[in-house]
Amino acid sequence: HMDFINGNLRMIYRRYLTAAFGSALISSIYSLVDMAVVGQYQGPEGTAALAVVAPIWNLLYSLGLLTGLGGSVLFSAAKGQSSPKAQNQFFTISLLATLLLSLISWILLLKLQTPLLQFFGASEALLPFANEYLKPIRFCVPIFLLNQMLAAFLRNDSNPSLATIAVLSGGIFNIFGDYYFVFIIDMGIYGAGLATALGAGITFLVMLIHFATKRNTLHISNVTFPFSILKKTFVAGFPTFLTDISMGILTVLFNRQIMKFMDTNALAIYGVIINVSTIVQCCAYSVGQACQPILSQNYGAGNTCNIFEIRGYALRTAGILGLLWLGLAMMFPTGLVQIFMAPSAEVFAIAPKIIRLYSLSFLLLPLNIFSTYYFQSLMQPMFAFLVSVGRGLLISGISICVLPSLFGPNALWLAMPFTELIVAFIVLRRMFHNSQLLANSRK
C-alpha cells in the first residue's frame, strides 16, 4: 500500500509517472496504429475517414474523463480525510453518471451516425468507409467510457499498475488485431474497428480484477444527496473534459483556415502535426495524472511540504519533456512526416518550415497541461477551468482565426506557440502566488 503522506515521495511519483505514462501513451498509440494500418490498406480515403471519426472518439473519451477524473479527485481527497462513507458515495455516483452518459452517447450514435459524420466533414465518398469502421464499435460504446472512468479510480485506489496492465493488454491486442484483421483476413477498415472494439473489451475485463483484490476500497453504497455529489463530480472533472473536447474543436478551426489560406499539402502536414502533438499531450497528461492522487491527499491532510516537493518533480519532468519534443521536431521534421505517410515532393518542400514553427508550442505545453491537474488537486477547479478554456479554446481559437489574416498564411502555424506562451505566463504567476498562500496558511 502506498503512503502518500509519510512515504518516499520521489519513489511514489516515479512509480505513478511510469504507470500513467504507459496508459496515456497506449491510448494515443491506438489511434496512431489504426491510422497507419488503414492508410496502408485503404489509401488516403481510409486515413481521411478515420480523421472524420476522430471527433466521436474525442467525445467518448472526454465523457469518461469527466466522471472518472472528477469522481476520483474527490474520492482521493476523502481518502486523505479518512472518510470511507464519502469515498463510496463518490465512486457510486461516478459509476452511475458514466452509465447514464454511455447510454445517451450510445443512442445518439445509433440514431444519428450518418448526420454526425457529415457534420464532422465526411463527404459522400468517405461516408461508407467511416460507417464501416464504426460498425463493430457501435456495439460497445459504454465500454470506452467505463474504461476511462475505472482507470482513474484504480490509480486513486493504490493500484496504478493494474490500470496500466489493463490498458496495455487491450492496446497490444489492438495493434496485432489491426494487422491480422485488416491484412491477413482482408477485412479492411472494418477489421480496424473490430480490433479496437475487442481491445477495449479486454481492457475492461482486466480492470475488473481489481474488485477481487484485497487492495480494493471501491464499493457501491447508498447515496444520501446524489445531486450535490453529482454536481461536485462534474465541477471537478470539467476542466480536463474541456481540455480534451476543445482539441476536436480546434482541429476543425485549423482545417478550415488551412483550406482557406493554403492547400491540401498543408492539410496533410497538419495531419502529421496532430499525431505528434497527441503524443506530446499524452506525455503531459501522464505528469498530471501521476501527481494528482498524491497532491489531492496531501492537500486533504494539510501537508504543504509534500505539495511543494511533488510540484518540483512535476515541473522538472514537464521541462525535460518540452525540451525533448521541441528538439526532435526541430532536428527531424521530415522524418516525422515519413512515419505517417509517403510524402510528395511538394510536401517535402514545405514540411520543415511548418513543423518547426508549430513545434515551438511543445516547449511550454507540458507545463500548461500539468497546471490544470495541479489546480484541480488543490481544489481550485475554477482557475483550472479558466486555464483550460483559455488554452484550449479562447486564446487559441482567436489566434487561429486572426493571425493568418493579419500576418499572412504562415502566421497560422504560430497560433499555438503564441497561446502556450500567454498561458504559461498566467499559470506561473498564479503558482507563485499560491505558494505564498499555502506557506502562510500552514505555518
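Residues numbered from 1 in each chain as written. Predicted model: local features only at pLDDT ≥ 70, side-chain atom pairs only at ≥ 80, totals over all residues. Heavy atoms only, no water.

J.: What exactly am I supposed to notice about the overall build of the chain here?
T.: Within the chain, the regular secondary structure consists of 15 helices and zero strands. The C-alpha radius of gyration computed for the chain amounts to 22 Å, which stays within 12% of the reference 22 Å derived for 443 residues, consistent with globular compactness. Taken over the C-alpha atoms alone, the chain extends approximately 65 × 45 × 35 Å along its principal axes. Looking at the chain residue by residue over its 443 residues, the buried ones come to 55%. Long-range contacts, defined here as pairs at least 24 residues apart, represent 82% of the contacts in the chain between residues at least 6 apart. Surface exposure of the chain reaches about 18,800 Å², of which carbon and sulfur atoms provide 71%. (Helix = DSSP H or I, 4+ residues; strand = E, 2+ residues; numbered from the N terminus. Rg over C-alpha atoms; globule rule 2.2 N^0.38 Å. Buried < 20%, exposed > 50% of the residue type's maximum accessible area, 1.4 Å probe, protein only. Contact = heavy atoms within 4.5 Å. Areas by Shrake-Rupley, 256 points an atom, 1.4 Å probe, with all protein chains shown as cover.)

J.: I'm lost on the packing of aromatic side chains in this one. Help?
T.: Geometry of an aromatic ring pair is reported as the spacing of the ring centres plus the angle between the planes. Applying the stated criterion across every chain yields a total of 17 aromatic pairs. On the basis of an interplanar angle of 80 degrees and a centroid distance of 5.3 Å, the ring pair of F91 and F153 is categorised as edge-to-face. A residue pair is termed long-range when its members are at least 10 positions apart, and F91 in helix α3 (residues 84–119) and F153 in helix α5 (residues 141–156) qualify at 62 residues. Relative accessible area serves as the criterion here: at 3%, F91 is assigned to the buried category. (Phe/Tyr/Trp six-rings, centres within 6.5 Å; stacked < 30°, edge-to-face > 60°.)

J.: Where do I start with the nonpolar core in this structure?
T.: The tendency in soluble globular proteins is for nonpolar side chains to be buried as a group. One finds Y13, F254, I273, I310, Y374 and W413 to be the most contacted residues of the largest nonpolar core, which totals 66 residues. The element contributing the most residues to this core is helix α9 (residues 264–301), with 16 residues. (Core = buried A, V, L, I, M, F, W, Y, C linked by side-chain atoms within 4.5 Å.)

J.: Please explain unusual backbone geometry as it appears in this structure.
T.: Excluding glycine, a negative phi dihedral is what most residues carry, and trans is how most peptide bonds are arranged. With a phi angle near 65 degrees, D186 is a residue other than glycine that sits in the positive phi range. Mapping D186 onto the fold places it in the loop between α6 (160–184) and α7 (189–208). Backbone geometry at M379 places phi at a positive 55 degrees, although glycine is not the residue there. Position of M379 among the secondary structure elements: in the loop between α13 (365–377) and α14 (381–407). Here M379 falls in the partly exposed class, since its relative accessible area comes to 36%.

J.: I tried to follow the state of the cysteines on my own but got confused; where do I start?
T.: A complete count under the given rule lists zero disulfides for this structure. In this structure C305 is not part of a disulfide, and its nearest cysteine sulfur, from C291, lies 17 Å away. (Disulfide = S-S within 2.5 Å.)

J.: Help me understand the side chain of R391, please; the structure alone is not making it clear to me.
T.: The residue R391 is located in helix α14 in this model. A residue is classified by how much of its surface remains accessible, and R391, at 8% relative accessible area, is buried. Filtering out sequence-adjacent residues up to four positions away, R391 remains in contact with T243, Q281, L365, N368, I369, S396, T419, E420 and V423.

J.: Sorry, what's going on with the pattern of salt bridges here?
T.: For side chains bearing opposite charge, pairing can occur when the charged atoms are close. All told, the structure shown has two salt bridges when counted by the stated rule. The partner of K135 in a salt bridge is E132, with the nearest N and O atoms 3.2 Å apart. Note that K135 and E132 are positioned in helix α4 (residues 127–137) at a spacing of three residues, about one turn of the helix. Classification of E132 by relative accessible area gives partly exposed; the value is 29%. (Salt bridge = Lys/Arg side-chain N within 4 Å of Asp/Glu carboxyl O.)

J.: How should I be thinking about the side chain of N306 in this particular structure?
T.: Structurally, the position occupied by N306 is in helix α10 (residues 304–331). For N306, a relative accessible area of 10% gives the class buried. Other than its neighbours up to four places away in sequence, N306 contacts F4, I5, L9 and N298.

J.: So what exactly am I meant to see when it comes to the packing of helix α8 (residues 226–261) against α14 here?
T.: Packed helices, taken two at a time, are described by their axes: the angle between them and the distance between them. Their axes nearest at 8 Å, the elements α8 and α14 cross at an angle of 5 degrees. Between α8 and α14, the crossing angle belongs to the class labelled roughly parallel. A per-class count over the contact of α8 with α14 returns 17 nonpolar, eight polar and one charged. (Axes fitted to C-alpha atoms, helices over the stretch in contact; angles between N-to-C directions. Parallel < 35°, antiparallel > 145°, perpendicular 65-115°, else oblique. Nonpolar A, V, L, I, M, F, W, Y, C, P; charged D, E, K, R; others polar.)

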